Amino acid sequence: MYKIGNGYDIHRLVEGRKLILGGIEINYEKGLLGHSDADVLIHSMMDAMLGALALGDIGQHFPDTDPMYKGISSVLLLEKVNELVLSKGYKISNTDNIILAEKPKMKDIIPLMRENLSKILKIPQDSISIKATTMEKLGPIGEGQAIAVQSVVLLEKISPTGKCSSNFDAED
């Protein structure tokens, strides 16, 4: 059995903050503003994971009004969401993510993000797609004021033996 979820997040770019995407610190003049480290890629992925199982969103699980989450690494939150997904008998089969940013350019950073997320989620890198696009200088993202991410996550039911179940037989 499969379940699919969508996620979206956007944060304002500001001076004086680190830019962290996919758990990777990126050398850039601005960072993302938020209660945690504001990693929009991980936030979007977590919302997709939670949504696939109708478990709400990250604001319900990690409220920005709770001082416990002030400045927290989104990697730690992703680990908790992944544990929750696993405890419900599912695992990530595939995730597809698109980063919307005018700058910095993501081409050289995407492989590092995929490798890092693969380790955190304990899934193969080829199950993690990350793409990037600009907004052609339109709107707040195009004007370099924000970065957004849209994510889709496909979860697969894990059988009691720990293996993924499938609707397809190997001989089909």
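As for its position among the elements, Asp37 is in the loop between β4 (31-32) and α1 (40-52). Along the chain, Asp37 and Tyr69 lie 32 residues apart, while their C-alpha atoms are 9.4 Å from each other. Setting aside residues no more than four positions away along its own chain, Asp37 makes contact with Arg17, Ile20, Leu32, His43, Gly71, Ile72, Ser73 and Ser74. In terms of polar contacts, Asp37 uses its side chain to reach the backbone amide nitrogen of Asp39, at 3.2 Å. A polar atom in the side chain of Asp37 sits 2.4 Å from the side chain of Ser74.

With that settled, the discussion passes to the environment of Ala146. Note that Ala146 resides in strand β7 (residues 146-157). Taking the C-alpha atoms as reference points, Ala146 and Leu100, 46 residues apart in sequence, are found 8.7 Å from one another. Ignoring anything within four residues of it in the chain, the contact list for Ala146 reads Ile10, His11, Arg12, Leu13, Leu100, Pro140 and Ile141.

What follows concerns helix α4 (residues 110-121). Taking 1.5 Å as the rise per residue, α4 with twelve residues should run 16 Å; its terminal C-alpha atoms sit 16 Å apart, in good agreement. Buried within α4 we find Ile110, Met113, Leu117, Ser118, Ile120 and Leu121. Mapping the buried residues of α4 onto a view down its axis gives an arc of 165°, with all of them on the same face. Note on α4: the residue one or two positions beyond its end, Lys122, has a positive phi of about 60°.

In regular strands, side chains alternate between the two faces of the sheet. Pairing of strand β1 (residues 2-14) with β7, which is carried by eleven bridges, proceeds in the antiparallel orientation. Residue pairing in the sheet places Gly7 in a bridge with Ser151 of β7.

Another aspect to go through is the packing of α1 against α4. Relative to each other, α1 and α4 sit at 45°, their axes nearing to 13 Å. As summarised for this structure, α1 and α4 are arranged oblique, according to the angle between their axes. Along this stretch, α1 crosses α4, giving a crossing that reads as right-handed. Between α1 and α4, the residues in contact are Leu41, Ile42, Met45 and Met49 and Met113, Leu117 and Leu121, respectively.

Spatial ordering of the open sheet is given by β4-β1-β7-β5-β6, a layout of five strands whose pairing is mixed. Two strands bound the open sheet, and with one partner strand each, they are β4 and β6 (128-133). Alignment of strand β5 (residues 90-100) against β6, held across six bridges, turns out to be parallel. Bridge pairing links Asp96 to Ser129 in β6. Against the sheet, helix α3 (residues 74-87) makes contact with β5 and β7, and its axis sits at roughly 145° relative to β5, the strand it touches most. α4 contacts β5 and β6 of the sheet and is inclined by roughly 150° relative to β6.

What counts and how
- Residues numbered from 1 in each chain as written.
- Predicted model: local features only at pLDDT ≥ 70, side-chain atom pairs only at ≥ 80, totals over all residues.
- Heavy atoms only, no water.
- Helix = DSSP H or I, 4+ residues; strand = E, 2+ residues; numbered from the N terminus.
- Contact = heavy atoms within 4.5 Å.
- Polar contact = N/O pair within 3.5 Å; in protein donor to acceptor, adjacent residues only side chain to side chain.
- Expected span 1.5 Å × (residues − 1).
- Buried < 20%, exposed > 50% of the residue type's maximum accessible area, 1.4 Å probe, protein only.
- Arc of directions from axis to C-beta.
- Pairing = 2+ DSSP bridges.
- Axes fitted to C-alpha atoms, helices over the stretch in contact; angles between N-to-C directions.
- Parallel < 35°, antiparallel > 145°, perpendicular 65-115°, else oblique.
- Left-handed = near helix turned anticlockwise from the far one by under 90°.

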